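Here is what each chain is made of, one letter per residue.
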Amino acid sequence: MSRAELRRFRHATEEAASFLRSRLDGKTRIKVLSHLDADGIASAAILAKCLYRYNVPFTVRFTLPLAPNEIAELAKEDHDMFIFLDQGSSQMDAIHKFILAKHRDVLVIDHHPGPFVEHPNLACLNPHMCGLNGGRDVSASGSTYSVVEHVDLRFRGLAGLAIAGAIGDRQEFLDGFTGVNENLVRRAIDLGLVYQSEGLRLIGRTIYPVVECLRLSIRPYILGLSGSLRACRSLVDTLGISHESTLCDLGEEVERRLAEAIFARVGSIATNEQFSRTLWGKLYSLTTDELVGPRDLREYAMMLDACGNLRKPEVGFAAAMGDEDAATEALAVMSSYQEQMLNVLGELVKKLGSFKLFPSFRYFNFGSSVGPGFVGEALSLAIESGLIPTDRPVLGLVRTDKDKIKISARSTPALAAQGVDVGQAMAKTVAEIGGHGSGHDVAAAGRIPMQKIDEFLNIFERVLGRK
Ligand SMILES: [Mn+2]
């Protein structure tokens with residue numbers, strides 16, 4: 001990636017911003033559709049803040065990417081303009097056929113790959129159109145932020161929300177941010193909107209007492225501490241830490257001693273780079289009062305993501321819009337999500353010995369012991385926690401009903417750099433055996449009939465092994 005790609009993104013941003021600006025007349029009625037994850041919720045809140053400031057009549061709906069028949073239904077609703085956030089690229093045909101054909105305006109701000117269509121009533125901002133990598137260099141929230149920042153510099157205070165969306169989409173890597181994200185983070189720090197420091201990157205560091213922060217830790221899952229109140233209490237007592245303190249109350253020296261104690265506790269996992277960098281490293285915190293809720297951006301991302309995962313995106317959205325009560329509720333949703341994920345990871349840890357090996361990947365069959373919505377994320381967390389080797393991608397299989405299987409695949413940027421692409425392998429395999437599935441190079445999911453498991457695994461191996 002070079003400056004030319006960033007310039008192209010900037011140019012596309014300006015075009016999307018002028019398309020939007022000319023419709024902020026207070027008369028154009030806008031329907032916003034966004035994805036129900038941290039990136040989608042952050043994107044919707046960033047855009048909604050802009051629409052609200054310009055007195056635009058608008059409604060927001062959170063949904064998984066709509067199927068063509070659902071887009072046909074949507075087109076029957078009476079709006080002048082439709083804005084798709086964190087989706088839309090792969091639905092271009094249906095958008096064209098059902099919405100643009102009715103002479104309604106459409107703006108798509110997305111970072112998933114898709115065909116690019118030109119139409120006088122359509123504007124698109126997508127990093128893939130500019131030669132950038134939508135899986136790394138910017139997510140929907142950073143793209144939406146770039147647009148509203150062009151509309152009016154007063155929206156700059158929302159930069160933290162844009163970064164939280166990128167973190168939610170796992171665009172913060174072991175060595176930091178890239179592309180548009182890197183610029184966005186640097187600018188937010190320079191403008192004094194975000195403060196960068198270093199420390200234990202545990203979720204809840206600004207809100208939970210230390211014992212609870214350790215017990216609920218899923219990112220990373222700390223073997224021997226996560227899920228065990230007794231072990232966490234005894235560690236905290238050994239270090240003489242008060243039960244009322246949060247991590248950010250401790251001060252640098254005590255926090256470092258706690259980190260050393262955690263590294264000592266997990267044994268050989270301490271030398272795992274994924275684990276150590278997930279546990280300790282850069283922290284980004286909000287310095288402005290523009291947003292309510294947690295100050296730490298990783299926490300903020302987890303809060304929004306939890307709301308999406310537990311199907312309460314509107315709670316996360318209201319929190320991101322500045323509603324204090326909603327922020328309190330969203331934090332309760334977050335801790336409930338952490339509890340549920342702790343159980344899933346506990347289950348995974350118990351069965352670490354029974355992962356099956358193929359030459360090009362490993363897989364684990366969860367049967368029906370785990371909710372289908374948790375498996376992909378559990379695999380990502382297990383990789384970040386140093387629980388699963390990363391010499392090859394990992395698949396998680398879970399039974400969704402009597403005769404259907406959901407398959408989640410996770411890989412790493414290092415494997416992607418060697419040409420391993422689980423998204424492509426998933427798409428090709430399901431195309432061959434019948435089923436649905438797609439994804440990025442490092443994360444993918446698919447659904448197949450139960451009786452096709454063996455066939456799926458063999459074809460997936462053949463496709464992935466061919467790279
Ligand atoms: Mn996204």
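It should be emphasised that the depicted structure is a prediction, and the values quoted were computed from it without experimental measurement.

Conventions used here
- Residues numbered from 1 in each chain as written.
- Predicted model: local features only at pLDDT ≥ 70, side-chain atom pairs only at ≥ 80, totals over all residues.
- Heavy atoms only, no water.
- Domains from an automatic or database assignment.
- Contact = heavy atoms within 4.5 Å.
- Buried area = accessible area lost by both parts, 1.4 Å probe.
- Salt bridge = Lys/Arg side-chain N within 4 Å of Asp/Glu carboxyl O.
- Helix = DSSP H or I, 4+ residues; strand = E, 2+ residues; numbered from the N terminus.
- Buried < 20%, exposed > 50% of the residue type's maximum accessible area, 1.4 Å probe, protein only.
- Expected span 1.5 Å × (residues − 1).
- Arc of directions from axis to C-beta.

Overview of the domain arrangement of the chain
Now for step 1: Split into domains, the chain comes out as domain 1 (3-191), domain 2 (197-286 + 291-347) and domain 3 (352-465).
Now for step 2: Placing the centre of domain 1 and that of domain 2 at their C-alpha centroids yields a distance of 30 Å.
Now for step 3: With 25 residues of domain 1 at the interface, the matching set in domain 2 holds 23 residues.
Now for step 4: Roughly 2100 Å² of surface becomes buried between domain 1 and domain 2 when both sides are summed, with 73% attributable to carbon and sulfur atoms.

Some details on the pattern of salt bridges
Now for step 1: Per the counting criterion, the structure on display carries 28 salt bridges.
Now for step 2: Notably, a salt bridge pairs Arg205 with Glu255, separated by 2.8 Å at the nearest N-O pair. One end of the pair, Arg205, is in the loop between strand E6 (194-200) and helix H8 (210-215); the other, Glu255, is in helix H10 (residues 252-265), with 50 residues separating them in the sequence.
Now for step 3: By relative accessible area, which is 8% here, Arg205 ends up buried.
Now for step 4: Overall, Glu255 belongs to the buried group, its relative accessible area being 6%.

Quick look at H10
Now for step 1: With 14 residues, H10 extends 20 Å between its outermost C-alpha atoms, agreeing within 8% with the 20 Å of an ideal straight helix rising 1.5 Å per residue.
Now for step 2: Those residues of H10 that fall on the buried side of the exposure criterion are Glu255, Leu258, Ala259, Ala261 and Ile262. For H10, the angular spread of the buried residues around the axis is 160 degrees, confining them to a single face. Of the exposed residues in H10, those oriented more than 90 degrees away from the buried face are Glu252, Glu253, Glu260 and Ala264.
Now for step 3: The secondary structure elements touched by the buried residues of H10 are E6, H8, helix H9 (229-238), helix H11 (273-279) and strand E7 (280-286).
Now for step 4: Positive phi appears at Gly267, one or two residues downstream of H10, with a value of about 65 degrees.

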